[in-house]
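Descriptive structure summary
The chain contents come next:
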Amino acid sequence: MERARHVMEEKLEKKKSATLEDTSNNNTEVPEFLSNKPYATSLEALQIFKNDDLVAKPGSKFAYTTFGLTLAGAVLEKCSGKSYGQLATALFSDLGMRNTQLDTKKKIVTGRVGYYQRNSKNILENCPEVDCSNKYAGGGIISNVTDLLIFANAILNIYRSEYRKTIVGEETIRKFISEQVPVDGKNTSAGLGWFLVDGTEIKSIEGNVANSPFFYHTGAAVGASSVLLIKPSSPSTSSESSGVCVAILCNLQNVSVLSLGRDIGDLFYNSM
């Protein structure tokens with residue numbers, strides 16, 4: 001019986017690895033995930049975890065952290081003298097992302113979908129209401145796929161040095177997608193807010209090896225799952241395209257959409 005349990009665990013781990021989904025980016029079991037306490041600023045939200053011990057020495061081990069992004073938001077607030085909401089709203093405006101904003105409970109948002117989850121019997125249920133002010137920088141923004149593609153294409157074009165009116169420099173973007181620490185010891189590593197995949201031995205939906213790098217970030221929130229994936233074209237390619245961007249949003253909790261996003265990216269990339 002013990003042997004059977006270990007075999008099952010190994011199969012589950014292989015299945016998780018095969019999807020390239022970072023399972024630690026599913027924080028639905030963390031108490032703060034369902035928090036309803038409001039915080040005025042990212043700096044104020046630091047009180048949730050500021051006295052917690054480190055999980056590991058920085059740079060020595062990968063561990064996904066929403067709180068780490070909250071800390072980054074607090075640094076931005078401290079350096080700029082503005083709230084994270086002010087900074088984010090200005091960026092969305094500059095990029096023309098008209099359907100993107102901080103997720104606040106009180107505001108009525110036209111077109112906002114309902115959020116769902118499945119219970120232990122696999123029956124669809126409404127998700128509880130939460131307050132996202134403790135993690136605006138790490139999962140407290142609502143958007144749609146059109147706006148996310150505007151954001152992704154801006155990053156892609158800066159990466160390819162083709163965005164003349166830049167919001168940030170090419171050097172900055174490349175720092176964000178430079179390897180900081182390995183994730184799976186094989187072909188996936190963590191950058192600054194992005195997961196980096198070299199593409200080697202990653203099979204497409206048709207069973208072919210893609211052999212082209214991409215970077216992505218998945219989202220796991222109350223009643224929502226998402227992925228934003230960017231696959232730059234090779235600098236040596238004759239194609240006029242800069243690459244492929246894929247955005248998927250799903251208003252259901254605990255759904256893996258990374259494999260689907262990767263396969264869609266491969267289909268378009270191979271047709272360029």
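Under an unreviewed UniProt entry, the chain has the name Beta-lactamase-related domain-containing protein and belongs to Caenorhabditis briggsae.

Moving on: unusual backbone geometry. Here Asn122, not a glycine, exhibits a phi torsion of approximately 70 degrees, which is positive. For Asn122, the location among the structural elements is in the loop between strand S2 (116-118) and strand S3 (124-126). You will see that Asn254, though not glycine, has its phi angle at about 60 degrees, which is positive. Tracing the backbone shows Asn254 in the loop between strand S10 (243-250) and helix H8 (258-270). On the basis of relative accessible area, Asn254 is assigned to the partly exposed category, the value being 47%.

Taken together, 6 strands build an open sheet; the order of strands is S5-S6-S7-S8-S9-S10 and the sheet is antiparallel. Edge strands, defined here as strands with exactly one partner in the open sheet, are strand S5 (181-182) and S10. Here S5 pairs with strand S6 (residues 188-190) via 2 bridges, running antiparallel. The partner of Pro182 across the bridge, within S6, is Ser189. Against the sheet, H8 contacts strand S8 (214-221), strand S9 (224-232) and S10, and its axis sits at roughly 150 degrees relative to S10.

This next bit is on the packing of aromatic side chains. Centre-to-centre distance and the angle between the planes together describe a pair of aromatic rings. Taken as a whole, this structure holds 7 aromatic pairs when the rule is applied. Note on Trp194 and Phe215: the rings are 5.2 Å apart at their centroids and 90 degrees apart in plane angle, and the pair reads as edge-to-face. Taken together, the residues Trp194 in the loop between S6 and strand S7 (195-197) and Phe215 in strand S8 connect sequence positions 21 residues apart. Its relative accessible area of 11% is what places Trp194 among the buried residues. Here the aromatic rings of Phe214 and Tyr216 are separated by 6.1 Å at their centres, their planes lie at 40 degrees, and the arrangement is tilted. With respect to burial, Phe214 and Tyr216 carry one shared label: buried.

This next bit is on H8. The terminal C-alpha atoms of H8, which comprises 13 residues, lie 18 Å apart, in line with the 18 Å expected from a rise of 1.5 Å per residue. Of the positions making up H8, those classed as buried are Leu258, Gly261, Arg262, Asp263, Gly265, Asp266 and Tyr269.

Next up on the list: the nonpolar core. Residues Phe62, Tyr216, Val227 and Leu229 are the most contacted members of the largest nonpolar core, which totals 16 residues. Mapped by element, the contributors of at least two residues to this core are S7, S8, S9, S10 and H8. Ignoring sequence-local partners within four residues, the contact set of Leu229 consists of Phe214, Phe215, Tyr216, Val244, Cys245, Val246, Leu258, Gly261 and Arg262.

What follows deals with the pairing of S8. Two strands pair when backbone bridges link them, and S7 and S8 are joined in this way by 3 bridges, in the antiparallel orientation. Looking at the pairing, Phe195 lines up with Tyr216 of S8. In this antiparallel pair of consecutive strands, S8 and S9, the connection spans 2 residues, and Gly223 shows a positive phi of 75 degrees.

A word on helix H4 (residues 84-95). Compared with the 16 Å implied by 1.5 Å per residue over 12 residues, the 17 Å span of H4 between its first and last C-alpha is a close match. Among the residues of H4, Tyr84, Gly85, Ala88, Phe92 and Leu95 are the ones counted as buried. Projected down its long axis, H4 carries its buried residues within an arc of 100 degrees, all on one side. Where H4 is buried, its residues meet helix H2 (42-45), helix H3 (66-80), strand S1 (101-102), helix H5 (136-139), strand S4 (141-142) and helix H6 (145-159). Looking one or two residues past H4, Gly96 carries a phi angle of roughly 80 degrees, positive in sign.

Burial analysis of S10 places 6 of its 8 residues in the buried class, which makes it a mostly covered element. Bridging between S9 and S10 involves 8 bridges; their strand directions are antiparallel. Bridge pairing in S10 links Ser225 to Cys250.

Calculation rules
- Residues numbered from 1 in each chain as written.
- Predicted model: local features only at pLDDT ≥ 70, side-chain atom pairs only at ≥ 80, totals over all residues.
- Heavy atoms only, no water.
- Helix = DSSP H or I, 4+ residues; strand = E, 2+ residues; numbered from the N terminus.
- Buried < 20%, exposed > 50% of the residue type's maximum accessible area, 1.4 Å probe, protein only.
- Pairing = 2+ DSSP bridges.
- Contact = heavy atoms within 4.5 Å.
- Axes fitted to C-alpha atoms, helices over the stretch in contact; angles between N-to-C directions.
- Phe/Tyr/Trp six-rings, centres within 6.5 Å; stacked < 30°, edge-to-face > 60°.
- Expected span 1.5 Å × (residues − 1).
- Core = buried A, V, L, I, M, F, W, Y, C linked by side-chain atoms within 4.5 Å.
- Arc of directions from axis to C-beta.

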